[in-house]
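Structure assessment
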Amino acid sequence: MARRPTPPPERLRELAAGFRIHGDVLGVEPYGSGHINDTFCVRVEQAGAPLRYVLQRLNTDIFRDPAAVMANIARVTEHLAAQLRREGVRDASRRALTLVPARDGALWRNEPDGAWRCYLFIERARTWDAIESPAQAAAAARAFAEFQRRLADLPPPPLADTIPGFHDTPRRFFALQAAIQADPHRRAAEAAPEIEFARARAQIVDRLERARAEGRLPLRVTHNDTKLNNVMLDDATGEGVCVIDLDTVMPGLVHYDFGDMCRTATRPTPEDETDLARVRMRRDMYEALVRGYLEGGAGFLTDAEVELLAFSARLITFEIGIRFLTDFLEGDAYFKTRRPGHNLDRCRVQFAMVRSFEENEDWMQQMTREAWVRAREAHR
Ligand code: ADP
Ligand code: GN1
Ligand code: MG
């Protein structure tokens, strides 16, 4: 998969002009640090006042059906906006993404240089690549829990599966085994300890999928990519204002979301930290995260779901670790990388976190059960 080049400035302005942006475009610049899409900030002057929009190129090598992705996003954002209005929430237009339609009213534009869409820019808030405080963990987790709660009554039909098997950990594990076997870039030797680490954990990969298949866990509408930098925290209050990056919102288990939050919001380093001694689960952050998530989720979560939350931290972190490892072996075709070995560095961070979760799992399980009793009491 060759990455598409960034369009030149004149082309970016032309693309921005394809959407119902009111005002004079001053500039369009690359923005953010996501691994998948190409994001740009459009600076506009509207009747003399500065205003910004987000222009984004969807990665269609990864999202093969952009129309399905955009239809999902339109349903989700409209449902969220209606819920927020019903709840009488202040600041509603900052609390859910708002699509800016194309000039012809379409949800997105299919152009020779990609699938493009535009959003209102969420102002006075930002995303974080590494967490700094337990308060941020609680805020992020509460925002994702409320996102799940507000989408719990999304009317049928079910959302489209934008990436089939996205959190099918057994399938991810088979893909890793195939990459090790083929070793197309002769990199397996360099990753020998990580391959060994992954192989030693084969027996955990199907635990969530089995529980789902046996009907012990319900399918809900989940985000599926709840890393810390996919939620915007308010600049002034630190509160989680808006969940973003909705390409993977589809039917899923709450554990996919909870596990990915634990992966990124209990680790006080970036995802590609090279000093592994710094990489560990911080108990104060896990505690805050669980509190925020269970307070937000007390109205809909079941006991059976809560019972597997602590385990999901370990499993989903492992899953994303093996995805980085697979991509390293396959020549860095999927995740954007900025240096040689970048995906292997990311894999090492995830595996260090898996180890940390393993060492703390009894404490995490106990802590989660206690927090659940308190959250349910408070919700009564
Ligand atoms: P990716 O799939 O590549 O991660 P995202 O949708 O997460 O793409 O966007 C990348 C970054 O752009 C985010 O981490 C965030 O900082 C910024 N961003 C995205 N949407 C908005 C928005 N509506 N308002 C402000 N910033 C945004
Ligand atoms: C990708 O899009 P972004 O950067 O928020 C990836 C996630 C991974 C994450 C790892 C569609 O998320 O699944 O967990 O990188 N998204 C997709 O940082 O594959
Ligand atoms: Mg993102």
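For the structure itself, consult the block above.
Summarised in this report is the structure supplied together with it. (Residues numbered from 1 in each chain as written. Chains lettered and ligands numbered in written order. Predicted model: local features only at pLDDT ≥ 70, side-chain atom pairs only at ≥ 80, totals over all residues. Heavy atoms only, no water.)

1. Thoughts on the packing of aromatic side chains
Note the cut-off: Only the six-membered ring of Trp is used, alongside the rings of Phe and Tyr, when aromatic pairs are assigned; centres must lie within 6.5 Å, and planes under 30 degrees apart are stacked while those over 60 apart are edge-to-face, with the rest tilted. Helix and strand definitions follow DSSP, with helices as H or I runs of at least four residues and strands as E runs of at least two, each counted in order from the N terminus. Here's how the labels work: a residue is buried when its accessible area is under 20% of the maximum for its type, exposed when over 50%, partly exposed in between, all with a 1.4 Å probe on protein chains only. A ring is scored as having a charge over it whenever the NZ atom of a lysine or the CZ atom of an arginine sits within 6 Å of its centre and within 35 degrees of its normal.
Under the criterion given, the structure shown has 10 aromatic pairs. Here Phe-197 and Phe-351 contribute two aromatic rings whose centre-to-centre distance is 4.5 Å and whose plane-to-plane angle is 20°, an arrangement assigned as stacked. Remark: Phe-351 occurs in helix 11 (residues 342–379) and Phe-197 occurs in helix 5 (residues 192–199); sequence separation between them is 154 residues. Look at Phe-197 and you get buried, because its relative accessible area is 8%. Phe-351 gets classed as buried once you look at its relative accessible area, which sits at 4%. Seen from their ring centres, Tyr-334 and Phe-335 are 4.8 Å apart, and the 70° between their planes marks the pair as edge-to-face. A relative accessible area of 6% places Phe-335 in the buried class. Put simply, the rings of Phe-173, Phe-197, Phe-318 and Phe-351 touch in pairs and so form one group of aromatic residues. Directly above the aromatic system of Phe-328 lies the positively charged group of Arg-187, at a separation of 4.9 Å from the ring centroid. When the ring centre of Phe-197 is taken as origin, the NZ or CZ atom of Arg-201, which lies over that ring, is 3.6 Å away.

2. Considerations on the pairing of strand 8 (residues 231–234)
For the record, the criterion: DSSP bridges decide pairing: two strands pair if at least two such bridges lie between them.
Alternating residues of strand 8 divide into Val-231 and Leu-233 and Met-232 and Asp-234, and every residue in both groups is buried. Pairing analysis gives 2 bridges linking strand 6 (residues 125–126) to strand 8, with the strands arranged antiparallel. Of the residues in strand 8, the one forming a bridge with Arg-126 is Leu-233. Both strand 8 and strand 9 (residues 240–243) contribute to a ladder of 3 bridges, which runs antiparallel. Among the inter-strand pairings, Met-232 is bridged to a residue of strand 9, identified as Cys-242. Hairpin connection, strand 8 to strand 9: the antiparallel pair is bridged by 5 residues, and Gly-238 has positive phi, about 80°.

3. Some details on the packing of helix 8 (residues 283–297) against helix 11
Note the following rule: Lines fitted to the C-alpha atoms define the axes, with helices restricted to the stretch that makes contact. Angles between their N-to-C directions range from 0 to 180 degrees. Crossing chirality is assigned from the near helix's rotation relative to the far helix, an anticlockwise turn below a right angle marking it left-handed and a clockwise turn marking it right-handed. Should any heavy atoms of two residues lie within 4.5 Å, those residues are considered in contact. Residues are grouped as follows: nonpolar covers Ala, Val, Leu, Ile, Met, Phe, Trp, Tyr, Cys and Pro; charged covers Asp, Glu, Lys and Arg; every other residue, Gly included, is treated as polar.
For the pair helix 8 and helix 11, interaxial distance at closest approach is 10 Å and the crossing angle is 35°. Both helix 8 and helix 11 take part in a crossing whose hand is right-handed. Contacts between helix 8 and helix 11 involve Arg-283, Tyr-286, Glu-287, Val-290, Leu-294 and Glu-295 from the first element and Asn-360, Trp-363, Met-364, Met-367, Thr-368, Ala-371, Trp-372 and Ala-375 from the second. Within the contact of helix 8 with helix 11, the residues separate by chemical class into 9 nonpolar, 2 polar and 3 charged.

4. Observations regarding the coordination of the magnesium ion (ligand 3)
The following threshold applies: Each metal's donors comprise the N, O and S atoms found within 2.8 Å of it (within 3.2 Å for Na, K or Ca). Water is not part of the atom list, so some coordination spheres may appear incomplete.
For the magnesium ion (ligand 3), the protein coordination sphere consists of Asn-230 (OD1) and Asp-245 (OD), at 2.2 Å. With Asn-230 in the loop between strand 7 (220–222) and strand 8 and Asp-245 in the loop between strand 9 and strand 10 (250–252), this pair connects stretches of sequence that are 15 residues apart. Look at Asp-245 and you get partly exposed, because its relative accessible area is 26%.

5. Brief notes about the site of ligand 2
Spelled out, the test is: A molecule or strand has a residue near it when one of that residue's heavy atoms lies within 4 Å. Identification of polar contacts relies on pairs of N or O atoms within 3.5 Å, with a donor-acceptor requirement for protein atoms, meaning one able to donate a hydrogen and the other able to accept it, and with residues adjacent in sequence counted only if both atoms are side-chain atoms. Residue burial considers only the protein chains on display, and all accessible areas are found by Shrake-Rupley using a 1.4 Å probe.
The environment of ligand 2 is made up of 17 residues, and the closest members are His-35, Lys-227, Glu-271, Arg-323 and Tyr-334. A distance of 2.8 Å separates an oxygen atom of ligand 2 from a polar atom in the backbone of His-35. Contacts to ligand 2 include Tyr-334, whose side-chain N or O atom sits 2.5 Å from an oxygen atom. Protein burial of ligand 2: of its 440 Å² of free accessible surface, 98% is covered by the chains. Per-element accounting of the shell around ligand 2 gives the leading share, 3 residues, to helix 10 (residues 309–329). Each residue belonging to the shell around ligand 2 can be placed in one class, and the counts come to 7 nonpolar, 4 polar and 6 charged.

6. Looking at the sheet that holds strand 4 (residues 109–111)
The 5 strands lie next to each other as 1-2-3-5-4, forming an open sheet whose pairing is antiparallel. In this open sheet, the two edge strands, each paired with only one partner strand, are strand 1 (24–30) and strand 4. Sheet twist, expressed as the mean angle between neighbouring strand axes with direction ignored, is 30°. Relative to strand 5 (residues 114–120), strand 4 runs antiparallel, the two sharing 3 bridges. Looking at the pairing, Asn-110 lines up with Ala-115 of strand 5.

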